[in-house]
Amino acid sequence: MIELAPSILSADFARLGEQVRAAGEGGGSVIHVDIMDATKLPLDCHLMIENPDQYIPEFAEAGANWISVHQEACRHLNRTLNLIKSHYCLAGVVINPATPVDALSEVLDIVDYVLVMSVNPGFGAQKFIPSTLHKMSRLAEIRSQRGLNYRIEVDGGVSLDTVAEVVRAGAEILVAGNAVFGKGDPKKNAQDLLRAATEAALQKV
Ligand code: DX5
Ligand code: ZN
């Protein structure tokens, strides 16, 4: 159930192929891309941009498999999410730390995943914001109450120190940039994170 999504924003771009491979060998199963890149693993493209509609067809064409857009950046969120789906990509909606889960009530039945930002977007290696945890639990609760099946993703400050609490709160797709690519071996880093996540998931039940 748990998947680790190493975020290449924090990778050494001069050795990107090698680093992404190592993170995959360590158990990363989807690569989180804040702009664009290439691998055999599916590409999880987090569009932190205004007017994403303008770029969605090109991202899909370029090989994106999952595309997420910010609730805060979309004037017609329903239309944008349907545009993503019309390109046969999984559609995700993202909320910043200051945006409540309630802002998503009308789109939860059409999204494939919800990404809860646990830092303010912009760059890697920021400090995890604990007040975002309750939004993951709330999303899990709403999902079972309404019989929906979106997945819950978390992005920002996920590390060995925070992974257990995000998993216990309900996150299933864990974006990790600095914790995978920051220092040391991305393979071992990914393995260690996944191990800690799996242990936390087992404790949950
Ligand atoms: C933040 C990006 C993240 C970033 C996460 O704006 O959306 O995907 O790469 O990096 P870490 O895991 O280092 O917080
Ligand atoms: Zn991201």
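The text that follows walks through the structure, step by step, so that each part is easy to find. Here the structure is a predicted model, which means the values were calculated and not measured. (Residues numbered from 1 in each chain as written. Chains lettered and ligands numbered in written order. Predicted model: local features only at pLDDT ≥ 70, side-chain atom pairs only at ≥ 80, totals over all residues. Heavy atoms only, no water.)

Here we look at the pairing of strand S7 (residues 151-155)
Regular strands place side chains that alternate from one sheet face to the opposite one. In terms of residue burial, S7 counts as a mostly covered element, since 4 of its 5 residues are buried. By the bridge criterion, 5 bridges tie strand S6 (residues 113-117) to S7 in an arrangement that is parallel. Residue pairing across strands places Met117 opposite Asp155, the latter belonging to S7. You can see the chain leave S6, run along helix H4 (residues 133-146) and come back into S7, and the turn it takes is right-handed. As judged from the 3 bridges shared by S7 and strand S8 (residues 173-176), these two strands associate in the parallel manner. By the bridge assignment, Val154 is partnered in S8 with Leu174. The parallel pair S7 and S8 is bridged by helix H5 (residues 163-169), and the resulting crossover is right-handed. (Buried < 20%, exposed > 50% of the residue type's maximum accessible area, 1.4 Å probe, protein only. Helix = DSSP H or I, 4+ residues; strand = E, 2+ residues; numbered from the N terminus. Pairing = 2+ DSSP bridges. Right-handed = clockwise from strand over helix to strand, strands pointing away.)

Brief notes about unusual backbone geometry
Positive phi outside glycine occurs at Asn51, with the angle close to 50°. Within the fold, Asn51 resides in the loop between strand S3 (43-47) and helix H2 (56-62). We note that Ala125 has phi near 60°; this positive angle belongs to a residue other than glycine. By the secondary structure assignment, Ala125 is in the loop between S6 and H4.

Examining the sheet that holds strand S5 (residues 90-95)
Pairing is parallel across the open sheet formed by 8 strands, whose spatial order is S1-S8-S7-S6-S5-S4-S3-S2. Looking at strand neighbours, the two that pair on one side only are strand S1 (3-6) and strand S2 (31-33), the edges of this open sheet. Here the average twist between neighbouring strands, direction ignored, is 25°. Taken together, the 4 bridges between S1 and S8 define a ladder with parallel strand orientation. Within S8, the position partnered with Leu4 by the bridge is Leu174. Taken strand by strand, helix H3 (residues 77-86) contacts strand S4 (66-70) and S5, and its axis lies near 145° from that of S5. (Axes fitted to C-alpha atoms, helices over the stretch in contact; angles between N-to-C directions. Contact = heavy atoms within 4.5 Å.)

Focus: the packing of helix H1 (residues 16-25) against helix H7 (residues 186-204)
Pairs of packed helices are described in terms of their axes, by the angle between the two and the distance that separates them. At a closest axis distance of 7 Å, the pairing of H1 and H7 adopts a crossing angle of 30°. The hand of the H1/H7 crossing is right-handed. Facing Gln19, Ala22, Ala23 and Glu25 of H1, the residues of H7 in contact are Pro186, Lys187, Ala190 and Gln191. Split by residue class, the contact of H1 with H7 holds 4 nonpolar, 2 polar and 2 charged. (Left-handed = near helix turned anticlockwise from the far one by under 90°. Nonpolar A, V, L, I, M, F, W, Y, C, P; charged D, E, K, R; others polar.)

Honestly, it's all geometry; don't read function into it.
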